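Residues per chain are reported as follows:
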Amino acid sequence: MYLRCGEIGMFMHFCRLCPGLERSCTKRKMPRWTASLPTLKAILKDAKRHMCPCYKYGLLRNHIHKKSILCEALQHNLPPFTPPPHTEDSVYPMPRVIFRMFDYTDDPEGPVMPGSHSVERFVIEENLHCIIKSHWKERKTCAAQLVSYPGKSKIPLNYHIVEVIFAELFQLPAPPHIDVMYTTLLIELCKLQPGSLPQVLAQATEMLYMRLDTMNTTCVDRFINWFSHHLSNFQFRWSWEDWSDCLTQDPESPKPKFVREVLEKCMRLSYHQRILDIVPPTFSALCPANPTCIYKYGDESSNSLPGHSVALCLAVAFKSKATNDEIFSILKDVPNPNQDDDDDEGFSFNPLKIEVFVQTLLHLAAKSFSHSFSALAKFHEVFKTLAESDEGKLHVLRVMFEVWRNHPQMIAVLVDKMIRTQIVDCAAVANWIFSSELSRDFTRLFVWEILHSTIRKMNKHVLKIQKELEEAKEKLARQHKRRSDDDDRSSDRKDGALEEQIERLQEKVESAQSEQKNLFLVIFQRFIMILTEHLVRCETDGTSVLTPWYKNCIERLQQIFLQHHQIIQQYMVTLENLLFTAELDPHILAVFQQFCALQA
């Protein structure tokens, strides 16, 4: 803390302005600033008590030994500062929550932890944040710097470190660094201090588990990802019996859902039988299913199913490395339950044809991810023809889900591959996620990972085309700048070709932005539909609206707004005019209004 005497006086003067700032921000409805006022109040309270109390905890006060020099230095009179007025295009920082996990009762044997609102706590926290920000790319260096924090003998340093790391991991809308960095950092810290930090981390995990009922769904997702990754580095050892209270709760409640999702993520990092071995037999109901392929035409009872004979022919053809034309020839005779007698279109949407083809192909390619990717690539033309319509794309996703219902990771990678190869589009994936076929799995984590991945792909696609357009415009501008005063017909021809390229790119940008807007319209419209159905059902039955499903769904809606806020802000007017109107139920409309308030 390098503070000159004059600066300390200015600081104290600013702190005395805090009550007036709070009244002004509250009156002008500026929640972004009022959210930060508790920190300023804490600083003011402690600053009034004693100018710099941090010496008690061994914090550096480097200005003390230079006090005589600073007192004789040239003093400056600073002019008064007037904050700029608010305008419609003002950009403010996002609100930040002051995260607290521990207090002095959590470590009764060690040094006393500063109070939650004390300035010492804020200073220690800020210093640890700065260490992580400076060294986050080198986990070993970062961990070493954290455990060698000055004055560590006077504070419960491990508790502060764990609290600061989780504060960053749970920061909304996104953590400062990639999620896996925090996992590797905590693992490195456990290696450096094996006798103390793992116990603090286990205590923090237990506290987070106990607070799952009130934890934000986005934070629960990150907690699941961190905990499963952490367990995979410590032989999946955990005292699962301590969490047996989740076995008697509603399966849709936060605690049993958390345990189920953690075990499913652990299976991705191990194998199915290992997960069954690490948990007690009483937890078998929460264990993931065996991730095997479900082939409906594989058993004897399937002989009577429509398309069974065609499935057998397709299996033989696939094994004999048939071409696309041969596959089309086999599928040609599959009856179409949606086709009228007078409809002669050979490849209109045929759900049975899609079901037989996708079921058989994915079954034969079920050995690995690579086999499935190769199958999609080899028969890409067949997929594109069968899924030409929107209904066809949706049915391809439905059949794929039926085949791999017990393997969420395979579902996620296949959807990703189908989007990349343009077998299905982003809007089809969004409609599929909100369809009745996925209603039982609607609150599962893998479903929302797929949706967010789909949105990110669409956003990256738009940004890529916009970048190409900007580069073409810059190239044209450079050519104009270099052009001489002489009449150069070759330059005119080059300009003409570049202008045509810019026009084509402009059309592609407009088309991509239209698809992007349509994707968000589909997502928010489906959210409104399912939430409205739930609210009407509860009102009709006279039951409480606040069910675990409702909490999960409404927080998923908030998650979409927050994680993609920069893109959604471009379409605010459209959303307000078409979807989030005044006639909408207040429960749903409040989420949109809260999002709008972030820019108020």
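No experiment lies behind these values; they were computed from the predicted model shown.

Visitor: Quick question: what am I supposed to make of the overall build of the protein here?
Guide: Across its full length, the protein holds 27 helices and zero strands. Within the span of the protein, comprising 600 residues, buried residues form 44% of the whole. Put simply, 71% of the contacts in the protein that link residues at least 6 apart link residues at least 24 apart.

Visitor: Before we go on, may I ask you to explain the packing of aromatic side chains in this structure?
Guide: The description of an aromatic ring pair uses the distance of the two centres, along with the angle that the planes make with each other. Taken as a whole and judged by the stated rule, the model has 37 aromatic pairs. With 6.1 Å between their ring centres and 70° between their planes, Phe 401 and Trp 432 make a pair best called edge-to-face. With Phe 401 in helix α19 (residues 390–403) and Trp 432 in helix α21 (residues 426–433), this residue pair connects regions lying 31 residues apart in the sequence. We note that Phe 401, like Trp 432, is buried. By way of ring pairs, the aromatic residues Phe 99, Phe 166, Phe 170, Tyr 209, Phe 223, Trp 226, Phe 227, Trp 238, Trp 240, Trp 243, Phe 258 and Phe 283 are connected into one cluster. Over the face of the ring belonging to Phe 122 we find Arg 100, whose NZ or CZ atom lies 5.1 Å from the ring centre. Sitting over the face of the ring of Phe 373, Lys 417 holds its NZ or CZ atom 5.1 Å from the ring centroid.

Visitor: What is the right way to look at the nonpolar core in this model?
Guide: It is characteristic of soluble globular proteins that their nonpolar side chains tend to be buried jointly. Grouped together as the largest cluster of nonpolar side chains are 102 residues, with contacts concentrated most on Ile 327, Phe 357, Trp 432, Phe 524 and Phe 580. Among the elements that make up this core, the one with the highest residue count is helix α23 (residues 489–541) (17 residues). In this structure, Phe 166, Trp 226, Met 267 and Leu 445 belong to the second largest nonpolar core, which totals 61 residues.

Visitor: Please clarify how the environment of Leu 575 should be interpreted in this entry.
Guide: Residue placement: Leu 575 occurs in helix α26 (residues 572–578). You can call Leu 575 buried: its relative accessible area is 2%. Between the C-alpha atoms of Leu 575 and Phe 520, which are 55 residues apart in sequence, the distance is 8.9 Å. Beyond its immediate stretch of four places on either side in the chain, Leu 575 contacts Leu 521, Phe 524, Ile 568, Phe 580 and Phe 592.

Visitor: Explain helix α9 (residues 179–192) to me, please; I cannot follow it from the model alone.
Guide: Residues three or four positions apart in an α-helix share a direction because the helix packs 3.6 residues into each turn. For α9, which comprises 14 residues, the first-to-last C-alpha distance of 21 Å matches the rise-based estimate of 20 Å (1.5 Å per residue) to within 8%. Residues Met 181, Tyr 182, Thr 183, Leu 185, Leu 186, Ile 187, Glu 188, Leu 189 and Cys 190 constitute the buried set of α9. Where the residues of α9 are buried, they touch α6 (119–135), α7 (139–147), α8 (157–169), α10 (197–210) and α11 (217–232).

Visitor: What should I look at first to understand the pattern of salt bridges in this one?
Guide: In a structure, side chains of opposite charge can pair up when their charged atoms sit close to one another. By the definition in use, this model includes 17 salt bridges. One salt bridge connects Asp 245 with Lys 255, and the closest N-O pair in it is separated by 3.2 Å. Pair noted here: Asp 245 is in the loop between α11 and α12 (254–268) and Lys 255 is in helix α12, with a separation of 10 residues, a long-range link. You can call Lys 255 buried: its relative accessible area is 6%. Measuring nitrogen to oxygen at the nearest pair gives 3.2 Å for the salt bridge that ties Arg 398 to Glu 437. Of this pair, Arg 398 sits in helix α19 while Glu 437 sits in the loop between α21 and α22 (445–482); the two residues are 39 residues apart in sequence, bridging distant segments of the chain. On the basis of relative accessibility, which here comes to 22%, the residue Arg 398 falls in the partly exposed class. One network of salt bridges, in which partners are shared, links Glu 264, Arg 405, Asp 441 and Arg 444.

Visitor: Explain the packing of helix α16 (residues 351–364) against α19 here, please?
Guide: When two helices pack together, their arrangement is given by the angle between their axes and by how far apart the axes lie. In contact at an axis separation of 9 Å, α16 and α19 are set at 40° when each is read in the N-to-C sense. As far as their axial angle goes, α19 and α16 are oblique. Our pair here, α16 against α19, has a crossing hand that is right-handed. Taken together, the residues of α19 that come into contact with α16 (itself represented by Pro 351, Ile 354, Glu 355, Val 358, Gln 359 and Leu 362) are Gly 392, His 395, Val 396, Val 399, Met 400, Glu 402 and Val 403. Split by residue class, the contact of α16 with α19 holds eight nonpolar, three polar and two charged.

Visitor: Sorry, what's going on with the confidence of the model for the protein here?
Guide: Atom-level detail of predicted coordinates should not be read off regions where pLDDT is low. Confidence along the protein averages 87 in pLDDT terms, with 85% of residues attaining 70 or more. Counted against residues more than four places away or in other chains, residues 341–346, with its pLDDT under 50, gives four contacts.

Visitor: What am I meant to see in the environment of Gly 496 here?
Guide: With respect to the helices and strands, the residue Gly 496 is situated in helix α23. Exposure remark for Gly 496: the relative accessible area of 24% places this residue in the partly exposed category. Sequence spacing of Gly 496 and Leu 476 is 20 residues, and the spatial spacing of their C-alpha atoms is 9.7 Å.

The rules behind these values
- Residues numbered from 1 in each chain as written.
- Predicted model: local features only at pLDDT ≥ 70, side-chain atom pairs only at ≥ 80, totals over all residues.
- Heavy atoms only, no water.
- Helix = DSSP H or I, 4+ residues; strand = E, 2+ residues; numbered from the N terminus.
- Buried < 20%, exposed > 50% of the residue type's maximum accessible area, 1.4 Å probe, protein only.
- Contact = heavy atoms within 4.5 Å.
- Phe/Tyr/Trp six-rings, centres within 6.5 Å; stacked < 30°, edge-to-face > 60°.
- Lys NZ or Arg CZ within 6 Å of the ring centre and 35° of its normal.
- Core = buried A, V, L, I, M, F, W, Y, C linked by side-chain atoms within 4.5 Å.
- Expected span 1.5 Å × (residues − 1).
- Salt bridge = Lys/Arg side-chain N within 4 Å of Asp/Glu carboxyl O.
- Axes fitted to C-alpha atoms, helices over the stretch in contact; angles between N-to-C directions.
- Parallel < 35°, antiparallel > 145°, perpendicular 65-115°, else oblique.
- Left-handed = near helix turned anticlockwise from the far one by under 90°.
- Nonpolar A, V, L, I, M, F, W, Y, C, P; charged D, E, K, R; others polar.
- pLDDT = per-residue confidence, 0-100.

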